[in-house]
Amino acid sequence: MFNYKTIDQSKLEFIEIAPASELPNGERLFIEVEGKAIVIFNIAGQYFAIGDVCTHDDGPVGDGDLEGFNVVCPRHGGEFDVQTGKAVQMPAVVDIPAYAVKVVDGMIQVGVPK
């Protein structure tokens, strides 16, 4: 999978999602952008967005427990770093997409490839 946070932001289209005030610290927001399920996390005032899909079994991962910056898949315990999408715990071995996130004029925006 691809870490969209690492490419030139001019190659991304930033889509306005919601006011930052609607995603308080410690919460998450589930969205769909261009047919892709994405979950946005607010961790200590920092926003991160990853694909809401476990690469181990293609199920949703966003409902899993957060352990620091890792989300634990609720079905089989695979873990992913929400900052990068990197698989960090078996049985998951393939990374999931990570998306650029920014807040502009109080609105959360997620960057997806143009």
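Procedures and definitions
Residues numbered from 1 in each chain as written. Predicted model: local features only at pLDDT ≥ 70, side-chain atom pairs only at ≥ 80, totals over all residues. Heavy atoms only, no water. Helix = DSSP H or I, 4+ residues; strand = E, 2+ residues; numbered from the N terminus. Rg over C-alpha atoms; globule rule 2.2 N^0.38 Å. Buried < 20%, exposed > 50% of the residue type's maximum accessible area, 1.4 Å probe, protein only. Contact = heavy atoms within 4.5 Å. Areas by Shrake-Rupley, 256 points an atom, 1.4 Å probe, with all protein chains shown as cover. Lys, Arg positive; Asp, Glu negative; His and termini not counted. Charge placed at Lys NZ, Arg CZ, Asp CG, Glu CD. Pairing = 2+ DSSP bridges. Axes fitted to C-alpha atoms, helices over the stretch in contact; angles between N-to-C directions. Patch = residues over 30% accessible without salt bridge, like charges linked within 9 Å, V, L, I, M, F, W, Y side chains within 5 Å. Salt bridge = Lys/Arg side-chain N within 4 Å of Asp/Glu carboxyl O. Polar contact = N/O pair within 3.5 Å; in protein donor to acceptor, adjacent residues only side chain to side chain.

Q: Hey, could you run me through the overall build of the chain in this one?
A: Helix and strand counts for the chain come out as zero helices and ten strands. Beginning at the N terminus, the succession of helices and strands in the chain can be written as β-β-β-β-β-β-β-β-β-β. In terms of C-alpha radius of gyration, the chain reaches 13 Å, essentially the compact-globule figure of 13 Å for 114 residues. With respect to the principal axes defined by its C-alpha atoms, the chain has extents near 40 × 30 × 20 Å. Counting across all 114 residues of the chain, residues that qualify as buried make up 42%. For the chain, restricting intrachain contacts to residue pairs at least 6 apart in sequence, the fraction spanning at least 24 positions comes to 45%. As displayed, the chain has an accessible area near 5,900 Å², and 49% of this comes from carbon and sulfur atoms. Of the side-chain charges in the chain, 8 are positive and 17 negative, and the distance between the mean point of each set is 8 Å.

Q: Just to check I follow, could you spell out the sheet that holds strand β3 (residues 36-43) for this structure?
A: Each strand in a sheet pairs with its neighbour through backbone hydrogen bonds, running either in the same direction (parallel) or in the opposite one (antiparallel). Here six strands make up an open sheet; going across it, the order is β1-β10-β9-β4-β3-β2 and the pairing antiparallel. A single partner strand is all that each edge strand has here, and the edge strands are β1 (12-19) and β2 (28-33). For this sheet, the mean angle separating the axes of adjacent strands, direction not counted, is 30°. Pairing geometry for strand β9 (residues 98-104) and strand β10 (residues 107-113), over five bridges, is antiparallel. Note on β10: the bridge partner recorded for Val104 is Met107.

Q: Teacher, can you tell me more about a nonpolar patch on the surface here?
A: The grouping of Met90, Val93 and Val94 at the surface amounts to a nonpolar patch, some 300 Å² of accessible area in total. By secondary structure assignment, the location of Met90 is in the loop between β8 (87-89) and β9.

Q: Could you clarify how one ought to interpret the environment of Thr6 in this entry?
A: With respect to the element layout, Thr6 can be found in the segment before β1. It is 9.1 Å that separates the C-alpha atoms of Thr6 and Thr84, two residues lying 78 residues apart in sequence.

Q: Please clarify how the side chain of Asp52 should be interpreted in this entry.
A: Here Asp52 lies in the loop between β4 (46-51) and β5 (66-67). Within the buried set, Asp52 has no salt-bridge partner at all; the shortest N-O distance to an opposite charge, 7.3 Å, is to Arg75. A distance of 2.6 Å separates a polar atom in the side chain of Asp52 from the backbone nitrogen of Gly62. Beyond its immediate sequence surroundings of up to four residues, Asp52 is in contact with Phe30, Ala37, Ile38, Val39, Gly59, Pro60, Val61 and Gly62.

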